[in-house]
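Okay, here's what each chain looks like letter by letter:
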Amino acid sequence: MSNIRQVANMAGVSVATVSRALQQPERVSPKTRNKVMLAVNEVGYKPNLMAVKFRSGKTHNLVALVPTVANVFFARVISGMQIAAAERGYSILLANTLGDASIEANYAKMVQTSQADGLIQLRAHNPFDESINKPNELLPMVNVCEVMHDINCPVVTLDNRAAAKAMTMHLIAQGHRRIALIKGPQSSPLTRDRLAGYRDALTEAGLKFDESLLYPGDFTLQSGHDAATKIIASEHRPTAVFCENDETAIGAMQCFKQAGLNIPQDVSIAGFDDISFSAFCDPPLTTIAQPAEEFGQSAVSLLIDLLEGKITKAPKVIMPFELVVRASTGPAPSAQTTN
């Protein structure tokens, strides 16, 4: 059987360096780490990983709590997490929680019982019990995407209010005066912030806020289709529809087309997220692009820095957004261009 000394000789490094590369890869340069791992594979060395983890006091596992892996945007965030974790010698344990607080609490206990080192939460809920919530200590967690404002941990988010305002202003600039909004889940901070941005734009343009133009949704294709059905049946149909995510917009678009409406000649549609399908809709979807993979990468980097003691205060990272104008939005019908 091969041993650690053979690995050290082949890699041209000390036994201690091999041990560090296996136990604390973040403390070894990428070049040296690669040499060690090549030597490990070459000689067929199989370290006792359980013993390594026991000695180091770290599992190098990070738990990611995801409300639903069926959401395309979240899938891109997860991809970013995995890339960043692998680069620093960590693994991601993925939990599809369905937004269930009890499931999230069980995974948080993995961190409290040293089965994982830290946790990334993608919704606005603290999964840790009160025993770990100490006023002057950072939680071993990063809150990303849908975030809390009173949590004592690093946060990675987007200025959703400013982004929604930018999209609504784009529709107003196209002459639209009756703009429907298909919202996300009522409990989501994203829903509240995007509604606030929509209202900001109306106020700035001197347009009256009309609550009858708000339609419930839950960020799914079906909710977009259902809301569009109600819009079509309304007595005074809006000329534009802003959906709080792309899946909702795609569902609405399909419903409008089934009803014989032309997009954007009869009704303009806009989304939020810029998922990959958005550019390939018919017509391609105008949307707000946010850097999903970078959300995941930033969350992992912040969490590992926190676990390594490099962070003593909870930073709030605001990711950039971009208004992507495509063919699903256009000028309002001429009869609707006046206040």
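Given the structure is predicted, the values throughout are model-derived calculations rather than measurements. (Residues numbered from 1 in each chain as written. Predicted model: local features only at pLDDT ≥ 70, side-chain atom pairs only at ≥ 80, totals over all residues. Heavy atoms only, no water.)

Engineer: Please clarify how the overall build of the protein should be interpreted in this entry.
Structural biologist: Tallying secondary structure elements over the protein gives 11 helices and 12 strands in all. Projected onto its principal axes, the C-alpha coordinates of the protein cover approximately 80 × 45 × 30 Å. Counting the 339 residues in the protein, one finds 50% classified as buried. In the protein, 71% of the contacts between residues at least 6 apart in sequence involve partners at least 24 apart. Roughly 15,800 Å² of accessible area belongs to the protein as shown, and the carbon and sulfur atoms make up 52% of that amount. Here the protein holds 31 positive side-chain charges and 32 negative ones, and the gap between their average locations is 8 Å. (Helix = DSSP H or I, 4+ residues; strand = E, 2+ residues; numbered from the N terminus. Buried < 20%, exposed > 50% of the residue type's maximum accessible area, 1.4 Å probe, protein only. Contact = heavy atoms within 4.5 Å. Areas by Shrake-Rupley, 256 points an atom, 1.4 Å probe, with all protein chains shown as cover. Lys, Arg positive; Asp, Glu negative; His and termini not counted. Charge placed at Lys NZ, Arg CZ, Asp CG, Glu CD.)

Engineer: What exactly am I supposed to notice about the side chain of Ser278 here?
Structural biologist: Positionally, Ser278 belongs in the loop between strand S9 (268-270) and strand S10 (287-289). Among all residues touching Ser278, those that are not within four sequence positions of it are Asp246, Pro284, Leu285 and Arg326.

Engineer: Explain the sheet that holds strand S11 (residues 316-319) to me, please; I cannot follow it from the model alone.
Structural biologist: Strand pairs in the sheet, formed through backbone hydrogen bonds, run parallel or antiparallel to each other. Strands sit in the order S2-S1-S3-S4-S5-S11 across an open sheet of six strands; the sheet is parallel. Every other strand in the sheet has two partners, leaving strand S2 (91-96) and S11 as the edge strands with one partner each. The average angle at which neighbouring strand axes cross in this sheet is 20 degrees, direction not considered. With four bridges joining them, strand S1 (residues 61-66) and strand S3 (residues 118-121) adopt parallel strand pairing. Bridge assignment links Val63 to a residue of S3, and that residue is Leu119. Sheet contacts for helix H6 (residues 101-112): S1, S2 and S3; angle to S3, the most-contacted strand, approximately 150 degrees. (Pairing = 2+ DSSP bridges. Axes fitted to C-alpha atoms, helices over the stretch in contact; angles between N-to-C directions.)

Engineer: For this particular structure, what's the right way to read helix H5 (residues 72-87)?
Structural biologist: Every α-helical turn comprises 3.6 residues, leaving residues that sit three or four positions apart pointing alike. The first and last C-alpha atoms of H5 sit 23 Å apart over 16 residues, in line with the 22 Å expected at 1.5 Å per residue. Elements that come into contact with the buried residues of H5 comprise S1, S2, S3 and helix H11 (292-307). Gly89 sits one or two residues past H5 and shows a positive phi near 80 degrees. (Expected span 1.5 Å × (residues − 1).)

Engineer: Would you mind going over the nonpolar core with me for this structure?
Structural biologist: The tendency in soluble globular proteins is for nonpolar side chains to be buried side by side. Counting residues in each nonpolar core, the largest one holds 69 residues, and the members touching the most others are Leu122, Phe242, Phe256, Phe295 and Val300. When residues of this core are assigned to their parent elements, the largest contribution, eight residues, is made by H11. Beyond its immediate chain neighbours, meaning those up to four positions away, Phe256 contacts Ala228, Ile231, Ile232, Val241, Leu261, Ile263, Val267 and Ile269. Listed in part, the 16 residues of the second largest apolar core include Leu65, Leu119, Leu139 and Ile151. (Core = buried A, V, L, I, M, F, W, Y, C linked by side-chain atoms within 4.5 Å.)

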